[in-house]
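What follows is the residue order along each chain.
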Amino acid sequence: MGRVTLFIIVIILLIGGGIYFLRQSPKPITPAISPTPTITATNTPAENSFCNPSDLVGNIVFNGAAGSIYGNLTLKNVSNKTCTIDGSNFVTASFSAQNISVVQQGQAGPDTIALTPNQTAYSQIRYQNGPQCSSPIKTTPVIFSYQISSLGTVDFLGQNGSKSQNITTCTKLSESTTVWVWNVSKSPITPQ
């Protein structure tokens with residue numbers, strides 16, 4: 001019985017040791033399943049996306065009143081989306097003459113102006129009907145533009161479709177013609 005008892009004790013130790021070993025051995029690591037993150041698409045509202053110059057058409061229509069010529073300017077959104085323009089700029093005038101001075105009128109507008117499809121923003125320019133010259137007069141081409149954003153500028157086209165508008169100026173360089181320019185607004189600007 002000594003050998004059988006010894007054999008049983010060895011078997012019990014082997015089985016017990018195996019069980020102990022199995023409990024102590026590293027278990028396979030199963031990755032923790034974390035909840036799937038929810039991805040939410042955040043589209044920038046259309047009002048916050050700036051217009052491209054191709055989204056807008058600029059027009060200018062001239063009218064005379066009390067010794068002045070007024071140019072009524074419009075920027076119309078011709079795209080099929082709402083977009084935004086910088087509202088704090090003033091209309092600019094580009095010319096080669098050295099005797100034209102440009103003066104900003106009114107206050108800068110809001111930082112941005114959102115334009116829905118077919119909506120219009122307004123501005124104006126003004127200059128004297130006939131410059132007060134002691135010298136002869138001449139016709140000077142001027143291009144009126146508006147910087148809509150860092151994406152670009154829109155030129156205002158006259159009734160003939162040209163971006164170059166003729167203004168009467170003095171031939172003498174010391175005799176300046178003043179052109180007053182305004183910012184843009186969501187409503188027409190009243191002549192001043």
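Residues numbered from 1 in each chain as written. Predicted model: local features only at pLDDT ≥ 70, side-chain atom pairs only at ≥ 80, totals over all residues. Heavy atoms only, no water.

Looking now at the overall build of the protein chain. Broken down by element type, the protein chain carries one helix and 11 strands. Starting at the N terminus and ending at the C terminus, the protein chain contains elements arranged as α-β-β-β-β-β-β-β-β-β-β-β. Looking at the 192 residues of the protein chain, the share that counts as buried comes to 32%. Counting contacts in the protein chain only where the partners sit at least 6 residues apart, residues at least 24 apart contribute 77% of the total. When the accessible area of the protein chain is evaluated, it comes to approximately 12,000 Å², of which 57% is carbon and sulfur surface. (Helix = DSSP H or I, 4+ residues; strand = E, 2+ residues; numbered from the N terminus. Buried < 20%, exposed > 50% of the residue type's maximum accessible area, 1.4 Å probe, protein only. Contact = heavy atoms within 4.5 Å. Areas by Shrake-Rupley, 256 points an atom, 1.4 Å probe, with all protein chains shown as cover.)

Inspection of the secondary structure assignment puts asparagine 183 in the segment after strand 11 (177–181). Of the polar contacts made by the side chain of asparagine 183, one reaches the backbone oxygen of glutamine 107; its length is 3.3 Å. Not counting chain neighbours up to four residues away, the residues in contact with asparagine 183 comprise Gly87, Asn89, Phe90, Gln107, Ala108, Gly109, Tyr122, Ser123 and Ile189. (Polar contact = N/O pair within 3.5 Å; in protein donor to acceptor, adjacent residues only side chain to side chain.)

Summed over the entire model, instances satisfying the criterion amount to two salt bridges. A salt bridge links aspartate 155 to lysine 163, with the shortest nitrogen-to-oxygen separation between them at 3.5 Å. (Salt bridge = Lys/Arg side-chain N within 4 Å of Asp/Glu carboxyl O.)

To continue, consider the confidence of the model for the protein chain. Counting all residues, the mean pLDDT for the protein chain is 82, and 75% of those residues have values of 70 or more. Low pLDDT, under 50, characterises residues 36–47; the stretch is placed with six contacts to residues that sit more than four places away or in other chains. (pLDDT = per-residue confidence, 0-100.)

Here the structure, examined in full by the defined rule, presents two disulfides. What pairs with cysteine 51 in a disulfide is cysteine 83, and their sulfur atoms sit 2.0 Å apart. Every disulfide takes its handedness from the sign of the S-S torsion; for cysteine 51 and cysteine 83 that torsion is 95°, giving right-handed. With cysteine 51 in the loop between helix 1 (2–24) and strand 1 (56–65) and cysteine 83 in strand 3 (residues 83–86), this pair connects stretches of sequence that are 32 residues apart. Taken individually, cysteine 51 and cysteine 83 each receive the classification buried, so the pair is uniform in this respect. (Disulfide = S-S within 2.5 Å.)

Turning to the nonpolar core, a few remarks are in order. Ranked by size, the top nonpolar core spans 28 residues in total, and within it Leu75, Ile85, Val91, Ile125, Phe144, Ile148 and Phe156 carry the most contacts. For this core, the secondary-structure elements that each account for two or more residues are strand 1, strand 2 (68–77), strand 3, strand 6 (112–115), strand 7 (120–128), strand 8 (137–149), strand 9 (152–157) and strand 11. Residue contributions to this core peak at four residues, all from strand 8. (Core = buried A, V, L, I, M, F, W, Y, C linked by side-chain atoms within 4.5 Å.)

Looking now at the packing of aromatic side chains. Inspection of every chain in the model, using the stated rule, returns one aromatic pair. Centre to centre, the rings of phenylalanine 62 and tyrosine 127 are 6.3 Å apart; their planes meet at 70°, and the pair counts as edge-to-face. Placement of phenylalanine 62 in strand 1 and of tyrosine 127 in strand 7 is noted, with a sequence separation of 65 residues between them. Residue classification places phenylalanine 62 among the partly exposed residues on the basis of a relative accessible area of 24%. Residue classification places tyrosine 127 among the buried residues on the basis of a relative accessible area of 6%. A cation over a ring is seen here: arginine 126 above tryptophan 180, with NZ or CZ 3.9 Å from the ring centre. (Phe/Tyr/Trp six-rings, centres within 6.5 Å; stacked < 30°, edge-to-face > 60°. Lys NZ or Arg CZ within 6 Å of the ring centre and 35° of its normal.)

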